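Structural overview for review
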Amino acid sequence: MDSVGVAAAAPDAGPGPAWQSKCPWGAPSTTSISCSLADVMSEQLAKELQLEEENAAFPEVVAAAEGPFITGENIDTSSDLMLAQMLQMEFDREYDAQLRREEKKINGDSKVSISFENYRKVHPYDSDSSEDEVDWQDTRHDPYRADKPTTTPRRGFIGKGKDITTKHDEVVCGRKNTARMENFAPEFQVGDGIGMDLKLSNQVFNALKQHAYSEERRSARLHEKKEHSTAEKAVDPKTRLLLYKMVNSGVLETITGCISTGKESVVFHAYGGNATEDKVIPPECAIKVFKTTLNEFKNRDKYIKDDYRFKDRFSKLNPRKIIRMWAEKEMHNLTRMQNAGIPCPEVVILKKHVLVMSFIGQDQVPAPKLKDVTLSSEDMKKAYYQILNMMQQLYRECNLVHADLSEYNMLWHDGKVWLIDVSQSVEPTHPHGLEFLFRDCRNVSQFFQKGGVAEALNERELFNAVSGLNITADNEVDFQAEIEALEKMNEDHVQNHGKKLSAFSSDGDPPIYDE
């Protein structure tokens, strides 16, 4: 088949002046391009034209990529890998376009927009995919910073005539209050107002400022409590270090966990370590950690400051060291009770505010409190007479008053009652010792009377039986009045004759309470 010329006819360009060839209203001169039908149908020509269009549409691809994949001279479309790469590029391009449409649909005219930039397929041709987003770190204007309000001149107003604006203007004050919120503590979340002309009234701003100050003070208190005191579980860094040292020294084998929590202390269970020459460590131990916060001890200093054993040291100590003295006091009281044969925990070791004792219980299970155990009538009667005997021993042989004796501080183990929590126990010569004893007698009497023990004495009879005094009063008011009179007499006696004269005689009877 003969070649068919494909050409566009052009008018003959005759001779003429030079300005005619540059006339904008003249007919453009075209050159004829002739090619055969075989060239038009050639696949190679189609590839070259396609590459030219792609290069014109995406010039950065040509600049960034090099090699036969982009030049179009050595592309082999028979390779499946090459076709797969080209198809994948087309699919990624459509996917990114779909994400842009979704962004535009969701954001709309909202001032807060979302972006699917992290989900886009990154390719050289798509380098401007995030052109709609603004990197605020590269801008001089920070949108999260409130605009500085216009200042009011010293004369107190701006403008003239009807346009005058004073410093008390509601809008001006509102904007100033919004800007002042930046001075709040960083922990106080005030949010941001990008693109919003926020105006806070004086009442709202003052309320927010007061709340911010209170939150700052509360945060400071919590930080101080975390650093310098034992909080919920009483194990601060210093206490934890003491426990680690006990385990490393072999006093304790391991600490299993918490078994009791109170207002003043927390008790942990532990297995005893290796016994030493001068100390026998029980197989199971109870670790009593006194909380180092002063909140619970503010109203309990009367138990220790008037005790002559600690009176001289009490005024000289740092308030936080009083808690150590509280632990030391319990250790001494338990030692007295143990020497008198009263069932109580055995002291193992004392380190500052951590007291290690023998564990009342078995296999990590503590003995139940007397209020939680159900006893038969025979056991209930047996427990009552045992407690009566222990109160007499505690008063006469140990020269102590429990001062917090109730069914909450008595354990039932191995068929008998055990006394615990004697850190607040005082001597009968304490200015309030008899008052504490009468309160203990009331708690014990009420518990066993409710428990069905017919032989249980009332609180006045029990007080006389334990103390050996013979106070005869018809009612409780007169009874307590006589107790206060005896305490006053005792206090005067101690002040006049010294603390050593208030000790018990060899027969165990209190000498200074004689009528």
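Residues numbered from 1 in each chain as written. Predicted model: local features only at pLDDT ≥ 70, side-chain atom pairs only at ≥ 80, totals over all residues. Heavy atoms only, no water.

**Observations concerning the overall build of the chain**
Quick reminder of the rule: Think of it this way: any DSSP run of H or I at least four residues long counts as a helix, any run of E at least two long counts as a strand, and we number them from the N terminus. Think of it in three bands: with a 1.4 Å probe and only protein chains considered, a residue is buried below 20% of the maximum accessible area for its type, exposed above 50%, and partly exposed in between.
Tallying secondary structure elements over the chain gives 16 helices and eleven strands in all. Every one of the 515 residues in the chain was classed for burial, and the buried ones make up 34%.

**Observations concerning the confidence of the model for the chain**
Short version of the rule: Scored from 0 to 100, pLDDT records how confident the predictor is in each individual residue. Whether two residues touch is decided by their heavy atoms; if any such pair falls within 4.5 Å, the residues are in contact.
A residue-level look at the chain finds 68% of positions with pLDDT of 70 or above and a mean pLDDT of 76. Contacts from residues 1-14, a stretch scored under 50 in pLDDT, to residues over four places away or in other chains number ten contacts. Counting contacts from residues 499-515, a segment whose pLDDT is below 50, to residues more than four positions away or on other chains yields 30 contacts.

**Considerations on the nonpolar core**
Put simply, the rule is: Each nonpolar core is a collection of buried residues, namely Ala, Val, Leu, Ile, Met, Phe, Trp, Tyr and Cys, held together in the definition by side-chain atoms within 4.5 Å.
Ile387, Phe448 and Phe463 are the most contacted members of the largest nonpolar core, which totals 50 residues. Of all the elements in the fold, those that place two or more residues in this core are helix H12 (321-339), strand S7 (354-358), helix H13 (377-396), strand S10 (410-413), strand S11 (416-419), helix H14 (433-450), helix H15 (459-467) and helix H16 (476-497). Per-element accounting of this core gives the leading share, nine residues, to H13. Setting aside its immediate chain neighbours within four residues, Ile387 contacts Leu370, Met410, Val417, Val444 and Phe448. Leu252, Ala270, Val289 and Val356 belong to the second largest nonpolar core, which has 15 residues in total.

**Some words on the packing of H13 against H14**
Spelled out, the test is: Axis definition: a line fitted to C-alpha atoms, limited for helices to the stretch in contact. Angles are taken between N-to-C directions and run from 0 to 180 degrees. Angle categories are assigned with fixed cut-offs, so that under 35 degrees is roughly parallel, over 145 is roughly antiparallel, 65 to 115 is roughly perpendicular, and the rest are oblique.
Packing of H13 against H14 leaves a shortest axis separation of 11 Å and a crossing angle of 175°. As judged from the angle between their axes, H13 and H14 are roughly antiparallel. Contacts from Met380, Ala383, Tyr384, Ile387, Met391 and Tyr395 in H13 reach Leu434, Leu437, Asp440, Cys441, Val444, Phe447 and Phe448 in H14.

**Structural notes on helix H7 (residues 170-180)**
Selection rule: Identification of polar contacts relies on pairs of N or O atoms within 3.5 Å, with a donor-acceptor requirement for protein atoms, meaning one able to donate a hydrogen and the other able to accept it, and with residues adjacent in sequence counted only if both atoms are side-chain atoms.
Residues Val172, Cys173, Gly174, Asn177, Thr178 and Ala179 constitute the buried set of H7. Backbone nitrogen of Val171 and a side-chain oxygen of the N-cap are separated by 3.1 Å at the start of H7; the cap is Asp169.

**Description of empty space enclosed by the protein**
To be explicit about the condition: Here the term cavity refers to a set of points on a 1 Å grid, laid over the protein atoms alone, in which a 1.4 Å probe fits but cannot get out; the term pocket refers to an open set having protein on both sides within 12 Å along at least five of seven lines, with lining residues being those that place an atom within 4 Å of a point. Grid points are joined across faces, edges and corners, and a volume is the space filled by probe spheres set on the points.
Counted under the stated rule, the structure contains three cavities of 30 Å³ or more. There is about 50 Å³ of room inside the largest cavity. Lining the largest cavity, in full, are Met391, Leu394, Tyr395, Leu400, Val401, His402, Leu405, Leu437, Asp440 and Val466.

**A look at the side chain of His413**
Of note, His413 is situated in strand S10. In terms of polar contacts, His413 uses its side chain to reach the side chain of Asp414, at 3.2 Å.

**A word on the pairing of strand S3 (residues 252-261)**
Quick reminder of the rule: Think of it this way: DSSP has to see at least two bridges between two strands before they count as a pair.
Direction of pairing for S3 relative to strand S4 (residues 265-272): antiparallel, over a ladder of seven bridges. Along S4, the bridge assignment pairs Gly257 with His269. Hairpin connection, S3 to S4: the antiparallel pair is bridged by three residues.

**Thoughts on the pattern of salt bridges**
The cut-off we apply is this: What makes a salt bridge here is a side-chain nitrogen of Lys or Arg within 4 Å of a carboxyl oxygen of Asp or Glu, nothing more.
If you walk through the whole model with that rule in mind, you get seven salt bridges. Across the salt bridge formed by Arg93 and Glu90, the nearest N and O atoms sit 3.5 Å from each other. Taken together, the residues Arg93 and Glu90, both in helix H6 (residues 80-107) and three residues apart, mark about one turn of the helix. Its relative accessible area of 27% is what places Arg93 among the partly exposed residues. The closest approach of N and O atoms between Arg442 and Glu476, which form a salt bridge, is 2.7 Å. Taken as a pair, Arg442 in helix H14 and Glu476 in helix H16 lie far apart in primary sequence, 34 residues in all. You can call Arg442 partly exposed: its relative accessible area is 22%. The class for Glu476 is partly exposed, based on a relative accessible area of 30%. Among the ionic contacts, a cluster of salt bridges with common partners joins Lys288, Glu330 and Asp421.

**So, a negative patch on the surface**
As a reminder of what qualifies: Within this analysis, patches are made of residues with over 30% relative accessible area and no salt bridge. Like charges are joined at 9 Å or less; nonpolar side chains (Val, Leu, Ile, Met, Phe, Trp, Tyr) at 5 Å or less. Under the convention used here, a 1.4 Å probe and the Shrake-Rupley method define accessible areas, while residue burial counts only the protein chains that appear. Neither His nor the chain ends contribute to the count of charged residues, in which Lys and Arg are positive and Asp and Glu negative. Charge positions come from single atoms, namely NZ of Lys, CZ of Arg, CG of Asp or CD of Glu.
On the surface, Glu48, Glu52, Glu53 and Glu54 cluster together into a patch of negative charge. Considering the arrangement of structural elements, one finds Glu54 in helix H3 (residues 43-57). Residue class for Glu54 comes out partly exposed when judged on its relative accessible area of 36%.

**Topic: the packing of H14 against H15**
Counted only if it meets this: By definition, any crossing whose near helix is turned counterclockwise from its far helix by less than a right angle is left-handed, and any crossing with a clockwise turn is right-handed. When residues are grouped by polarity, Ala, Val, Leu, Ile, Met, Phe, Trp, Tyr, Cys and Pro land in nonpolar, Asp, Glu, Lys and Arg in charged, and all others, Gly among them, in polar.
Between H14 and H15, the shortest axis-to-axis distance is 8 Å and the interhelical angle comes to 125°. The angle between the axes of H14 and H15 places the two elements in the oblique class. Viewed along their axes, H14 and H15 form a crossing whose handedness is right-handed. Facing H14, whose interface residues are Leu434, Leu437, Phe438, Cys441, Arg442, Val444 and Ser445, H15 presents Glu459, Arg460, Leu462, Phe463, Val466 and Ser467. Residues that form the contact of H14 with H15 fall into these classes: eight nonpolar, two polar and three charged.

**Things to note about the pairing of S11**
Pairing analysis gives four bridges linking S10 to S11, with the strands arranged antiparallel. Its bridge partner lying in S11, Trp412 is registered against Val417. Connecting S10 to the antiparallel partner S11 that follows it, the hairpin turn spans two residues, and Asp414 within it adopts a positive phi of roughly 55°.

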